[in-house]
Amino acid sequence: MQTNFLSQQFNAGSLAEDSTACPANATICDGTSCVLPEDNFNQTLSVVLSTVLTIMLALVMFSMGCNVELKNFLGHIKRPWGIFVGFLCQFGIMPLTAFLLSLAFNVLPIQAVVVLIMGCCPGGTASNVIAYWVDGDMDLSISMTTCSTLLAMGMMPLCLFIYTKMWTDSDAIVLPYDSIGLSLVALVIPVSLGVFVNHKWPSKAKIILKVGSIVGAVLIVLIAVVGGILYKGSWIISPKLWIIGTIFPAAGYSLGFLLARLAGLPWHRCRTVSLETGMQNTQLCSTIVQLSFTPEQLELMFTFPLIYSIFQLLFALLILGGYRLYRRHRVKTKTDVEKTAQKEDSKSSAKINGGFVSDE
């Protein structure tokens, strides 16, 4: 059963007559909760922005590839302990957390399903940009994103089959394998080109990386803003989903970091695994729910991927800010210790040299 949430037209004239809260062209109207059909402006805006964002994303992933050392990347593939830990976080911790949150908040079955779909999605590419800013292991970050997207072909159906049994038939959920495949291609090709540039022209790769990291930060904000503009008709949603959308990414970041630390990974890789766990491919989740459910069902669930996207970005920025403050304090403390040590050395040499202390 395939439906397009934004383009389906339904007759809501009688509902609009009874309620002044909903406009006459609303496709679904229930009191003050309305879903509007996509107008030509939104359709054109969606196409233009999707094209621009896709090009920007390819450029960002190309620049991220410029920070990947082929030797280190292949090292993670040959000795995939870090990738394995990330796999456990991505397809172990996240689906289980989604299941427990759905039970704890006792949400509607259709809402529980969208939370589970989000939990079963692979990691998003935004994690690579944030990992760069927190001095994470870029080789591990890229390899984790690539592997999780590839493994999603099999792991998403398996996880959804296990966890959605009590709410719905897993066969009712349509997985867009073409979208997953396109995500994989859009990730692998630009990154491969970036790795090649880094290998051949390392000095130029550093410049590309700096520019790309800034563009990546802008891109992350743009995606959140664009989502708010295009789906403004769906913002009325259950408070429980707002709460879950707040807790879920925070739990992903925290549990991913904890498991990576328990697995003995160094701190910079723990930060990387944490980001890869908490940052999900929310665009893929939106595509799945649009393909799988009717407009009436989508009214109860469609905004959740956008809510998750906003809070995963917010918490990622908090992690980035906290790390930068820690790093600045650490560097300052380290500098003070070095100056104290140098002063002690100067005093010692002063006694030896008859009280002379150098100004240097």
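Thresholds applied
- Residues numbered from 1 in each chain as written.
- Predicted model: local features only at pLDDT ≥ 70, side-chain atom pairs only at ≥ 80, totals over all residues.
- Heavy atoms only, no water.
- UniProt positions renumbered as here; feature names shortened; annotations may be inferred.
- Helix = DSSP H or I, 4+ residues; strand = E, 2+ residues; numbered from the N terminus.
- Buried < 20%, exposed > 50% of the residue type's maximum accessible area, 1.4 Å probe, protein only.
- Contact = heavy atoms within 4.5 Å.
- Areas by Shrake-Rupley, 256 points an atom, 1.4 Å probe, with all protein chains shown as cover.
- Axes fitted to C-alpha atoms, helices over the stretch in contact; angles between N-to-C directions.
- Parallel < 35°, antiparallel > 145°, perpendicular 65-115°, else oblique.
- Left-handed = near helix turned anticlockwise from the far one by under 90°.
- Expected span 1.5 Å × (residues − 1).
- Core = buried A, V, L, I, M, F, W, Y, C linked by side-chain atoms within 4.5 Å.
- pLDDT = per-residue confidence, 0-100.
- Nonpolar A, V, L, I, M, F, W, Y, C, P; charged D, E, K, R; others polar.
- Phe/Tyr/Trp six-rings, centres within 6.5 Å; stacked < 30°, edge-to-face > 60°.
- Lys NZ or Arg CZ within 6 Å of the ring centre and 35° of its normal.
- Salt bridge = Lys/Arg side-chain N within 4 Å of Asp/Glu carboxyl O.

Looking at an unreviewed UniProt entry, the chain carries the name Ileal sodium/bile acid cotransporter, with the source organism given as Sitta europaea. Taken verbatim from the UniProt record of the chain, the Sequence similarities (unreviewed entry) comment is "Belongs to the bile acid:sodium symporter (BASS) (TC 2.A.28) family." Turning to the chain, the UniProt annotation filed under Subunit (unreviewed entry) states: "Monomer and homodimer."

Caption draft 1: The overall build of the chain, seen in detail. Broken down by element type, the chain carries 14 helices and two strands. Expressed as a percentage of the 360 residues in the chain, the buried residues total 46%. Contacts in the chain between residues at least 24 apart in sequence constitute 80% of all its contacts with a sequence separation of at least 6. Just so you have it, the chain exposes about 18,200 Å², and 65% of that area is on carbon and sulfur atoms.

Caption draft 2: Up close: the packing of helix 4 (residues 81-105) against helix 5 (residues 109-120). At their nearest, the axes of helix 4 and helix 5 sit 8 Å apart, and the two run at 165° to each other. By the angle between their directions, the pair helix 4 and helix 5 is classed as roughly antiparallel. For the pair helix 4 and helix 5, the sense of crossing is right-handed. Facing Gln90, Phe91, Met94, Pro95, Ala98, Phe99 and Ser102 of helix 4, the residues of helix 5 in contact are Ala112, Val115, Leu116, Gly119 and Cys120.

Caption draft 3: A look at helix 5. Over its 12 residues, helix 5 extends 16 Å from the first C-alpha to the last, a length consistent with the 16 Å expected when each residue adds 1.5 Å. In terms of residue burial, helix 5 counts as a mostly covered element, since 11 of its 12 residues are buried. The complete set of buried residues in helix 5 reads Ile110, Gln111, Ala112, Val113, Val114, Val115, Leu116, Ile117, Met118, Gly119 and Cys120.

Caption draft 4: A look at the nonpolar core. Of all hydrophobic cores here, the largest spans 42 residues; its most connected members are Ile117, Met156, Phe248, Phe293 and Phe304. The set of elements that each furnish at least two residues to this core consists of helix 4, helix 5, helix 7 (138-163), helix 10 (239-262), helix 12 (282-292) and helix 14 (304-352). Here this core takes nine residues from helix 5, the largest share from any one element. Every residue in contact with phenylalanine 304, bar those within four places of it in the chain, is listed here: Val114, Val115, Met118, Ile237, Leu241, Ile244, Gly245 and Phe248. Grouped together as the second largest cluster of nonpolar side chains are 23 residues, Leu209, Leu275, Ala316 and Leu320 included.

Caption draft 5: Fine view of the UniProt feature "transmembrane region" (unreviewed entry) in the chain. Under the present numbering, the feature "transmembrane region" (unreviewed entry) in UniProt falls on residues 45-63, 83-105, 112-134, 140-163, 175-195, 207-229, 241-263 and 306-326. Secondary structure across residues 175-195 divides into 90% helix and 0% strand, with the first and last C-alpha atoms of the span separated by 31 Å. Note that residues 306-326 is 100% helix and 0% strand, and that its end C-alpha atoms are spaced 30 Å apart.

Caption draft 6: The confidence of the model for the chain, seen in detail. On average, residues of the chain score 76 in pLDDT, and 72% of them are at 70 or above. Overall, residues 1-20 carries pLDDT values under 50, and its contacts beyond four positions in sequence, including any with other chains, amount to 35 contacts.

Caption draft 7: Main features of the packing of helix 7 against helix 11 (residues 267-278). One can describe the packing of helix 7 onto helix 11 by two numbers: an axis separation of 9 Å at closest approach and a directional angle of 30°. In terms of orientation, helix 7 lies roughly parallel with respect to helix 11. Crossing handedness for the pair helix 7 and helix 11: right-handed. Taken together, the residues of helix 11 that come into contact with helix 7 (itself represented by Leu140, Ser141, Met144 and Thr145) are Arg269, Thr272, Val273 and Glu276. Broken down by class, the residue content of the contact of helix 7 with helix 11 amounts to three nonpolar, three polar and two charged.

Caption draft 8: Summary view of unusual backbone geometry. A positive phi angle is found at asparagine 106, which is not glycine, with a value near 50°. Looking at the element boundaries, asparagine 106 is found in the loop between helix 4 and helix 5. Overall, the relative accessible area of 61% leaves asparagine 106 in the exposed class. Even without being a glycine, aspartate 135 presents a positive backbone phi close to 55°. Aspartate 135 sits in the partly exposed class, given a relative accessible area of 30%.

Caption draft 9: Representation of the packing of aromatic side chains in the model. Tallying each qualifying case throughout the model produces eight aromatic pairs. Considering the side-chain rings of phenylalanine 99 and tyrosine 163, the 5.5 Å spacing of their centres and the 45° angle between planes classify their relative orientation as tilted. A residue pair is termed long-range when its members are at least 10 positions apart, and phenylalanine 99 in helix 4 and tyrosine 163 in helix 7 qualify at 64 residues. For phenylalanine 99, a relative accessible area of 18% puts it in the buried group. Ring pairing ties together the aromatic residues Phe248, Phe304 and Tyr308, which thus form one cluster. Above the ring of tryptophan 267, the side-chain terminus of arginine 261 is found at 3.8 Å from the ring centroid.

Caption draft 10: View of the pattern of salt bridges. Scanning the entire structure with this criterion turns up two salt bridges. Residue arginine 327 is joined to aspartate 135 by a salt bridge in which the shortest nitrogen-to-oxygen separation is 2.9 Å. Taken as a pair, arginine 327 in helix 14 and aspartate 135 in the loop between helix 6 (126-133) and helix 7 lie far apart in primary sequence, 192 residues in all. Judged by its relative accessible area of 35%, arginine 327 falls in the partly exposed class. Measuring nitrogen to oxygen at the nearest pair gives 2.8 Å for the salt bridge that ties aspartate 137 to arginine 269. Of this pair, aspartate 137 sits in the loop between helix 6 and helix 7 while arginine 269 sits in helix 11, placing them 132 residues apart in sequence. When its relative accessible area of 6% is taken as the criterion, aspartate 137 is described as buried. The exposure class of arginine 269 is partly exposed, given its relative accessible area of 28%.

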